[in-house]
Amino acid sequence: MVITLKSGTTEKGIKHVVEKIKELGFTPHISHGEERVIIGVIGENAIRSREIFEAMFIVDSVMPISRPYKLVSREFKGKATIVKVKDVQVGGNEVVVIAGPCAVESREQLLEIAREVKEAGAKILRGGAFKPRTSPYSFQGLGEEGLKYLAEVSEVTELPVVTEAMDSRQVELVTKYADMVQVGARNMQNFDLLKEVGRSRKPVLLKRGMASTLKEFLMSAEYILSSGNYNVILCERGIRTFEDATRFTLDLSTLSLIKELSHLPVIADPSHATGKRSLVASMANAAIAAGSDGLMIEVHSRPEEALSDGFQSLTPPDFHKLMRRIRSIAKALGRRV
Ligand code: PEP
Ligand code: MN
């Protein structure tokens, strides 16, 4: 349930409510709004204690949260959350583009691509150091060496970086080098990993599992928030459907629905969703029109030589073209890129 305190409630008053919540065996989650403080009370059957809080004179209202996901819901927080990745704000008026290679292959490869995507207007650099590959014989990523290249290139280009942690044991290492940790589609329900990135305070990019419902997706985000990390960006990256002409199916209506149900920012990844270079730009356009707060796009200087996902990677000139196009779409919608 959500407890809304009366405006002007003092720190002492907040503490009093928080202590009562803990005494009853529940977990308080405090959100400081512009005018009022809202406290989420998380725990099974918390609503049964409703009257205890309603009787407090500093409490304005006590409302149940009807959805199974609580902290990520709009019922808990009506105002959109802006997640800061270094100085880049995701979830506000700006449409933020994350771009870079599928995998970090070498320092030179990463630097060359980073410079190109930055020039085109990308605000965050991506690149996998630990790669979740379908085949164990495919390139698995450079590991820590790749993380070091990401940190170096980030320093040179001043682009914050995002990269994937595939296992809870990798989180500490990844957060040492990266500005945002990615939880990949195949790990969306790796609950130990979700709890671990939840304990870290670095922003998290949570990708939707390819066979997950929206509810399951938001419940995974709930794991991260309930572990104490509110800096979560959701990513619609395509789901499995009967259609096999594309790699996955970009679920745009769900992307729009997320904006209704949750206050968290949501971005789209048309590269993995389509698996086809020629479709990336049109699905990027569509995602922005559907209300996406950003995009994740794979770019490679020589896609034919890429060690992973070359067939869906854009060349730098194609990426420049995509950026020009989405700029005009964003403008038409009153947003900017
Ligand atoms: C990626 O972004 O590098 C990736 C592997 O994507 P996904 O987890 O969505 O397949
Ligand atoms: Mn990829």
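Residues numbered from 1 in each chain as written. Chains lettered and ligands numbered in written order. Predicted model: local features only at pLDDT ≥ 70, side-chain atom pairs only at ≥ 80, totals over all residues. Heavy atoms only, no water.

Draft legend 1. Layout of the overall build of the protein chain. On a plain count of helices and strands, the protein chain comes out with 11 helices and 14 strands. By its C-alpha atoms, the protein chain is 65 × 45 × 40 Å across when sized along the principal axes. Buried positions account for 55% of the 337 residues belonging to the protein chain. Within the protein chain, residue pairs in contact and separated by at least 24 positions form 69% of the contacts whose partners lie at least 6 positions apart. (Helix = DSSP H or I, 4+ residues; strand = E, 2+ residues; numbered from the N terminus. Buried < 20%, exposed > 50% of the residue type's maximum accessible area, 1.4 Å probe, protein only. Contact = heavy atoms within 4.5 Å.)

Draft legend 2. Expanded view of the site of ligand 1. Lining the immediate surroundings of ligand 1 are Arg-126, Lys-131, Pro-132, Glu-164, Gln-182, Gly-184, Ala-185, Arg-186, Lys-207, Arg-237 and His-272. Within the side chain of Lys-207, a nitrogen or oxygen atom sits 2.8 Å from an oxygen atom of ligand 1. Computed on the free molecule, ligand 1 has an accessible area of 290 Å², of which 97% lies beneath the protein chains in the complex. Cavity membership is defined here by more than half of the atoms lying within 2 Å of grid points; on that basis ligand 1 lies in the second largest pocket. When the residues that make up the shell around ligand 1 are grouped by side-chain class, the tally is two nonpolar, three polar and six charged. (Near = heavy atom within 4 Å. Polar contact = N/O pair within 3.5 Å; in protein donor to acceptor, adjacent residues only side chain to side chain. Areas by Shrake-Rupley, 256 points an atom, 1.4 Å probe, with all protein chains shown as cover. 1 Å grid on protein atoms, 1.4 Å probe; cavity = no way out; pocket = protein on both sides within 12 Å on 5 of 7 lines; lining within 4 Å. Sits in = over half its atoms within 2 Å of the grid points. Nonpolar A, V, L, I, M, F, W, Y, C, P; charged D, E, K, R; others polar.)

Draft legend 3. Representation of the domain arrangement of the protein chain in the model. Each assigned domain of the protein chain is listed with its residue range as follows: domain 1 (2-63) and domain 2 (83-332). Relative to domain 2, the C-alpha centre of domain 1 lies at a distance of 36 Å. (Domains from an automatic or database assignment.)

Draft legend 4. Molecular detail of the coordination of the manganese ion (ligand 2). At 2.0 to 2.4 Å from the manganese ion (ligand 2) lie its protein donor atoms, namely Cys-102 (SG), His-272 (NE2), Glu-298 (OE) and Asp-309 (OD). For the manganese ion (ligand 2), the single-chain donor residues occur in sequence as C-x169-H-x25-E-x10-D. With a gap of 207 residues between them, Cys-102 in the loop between strand E7 (96-100) and helix H3 (107-120) and Asp-309 in the loop between strand E14 (294-298) and helix H11 (316-332) connect regions that are remote in the sequence. There is no split in this pair, since Cys-102 and Asp-309 are both buried. (Donors = N, O, S within 2.8 Å, 3.2 Å for Na, K, Ca; no water.)

Draft legend 5. Spotlight on the side chain of Lys-131. Note on placement: Lys-131 falls in the loop between strand E8 (124-126) and helix H4 (144-157). Here Lys-131 sits buried without a salt bridge, and the closest side chain of opposite charge, Glu-298, lies 5.0 Å off (N-O distance). What Lys-131 contacts, discounting residues up to four positions off in sequence, is Cys-102, Ala-103, Arg-126, Phe-139, Gln-140, Gly-141, Met-166 and Ser-308. (Lys, Arg positive; Asp, Glu negative; His and termini not counted. Salt bridge = Lys/Arg side-chain N within 4 Å of Asp/Glu carboxyl O.)

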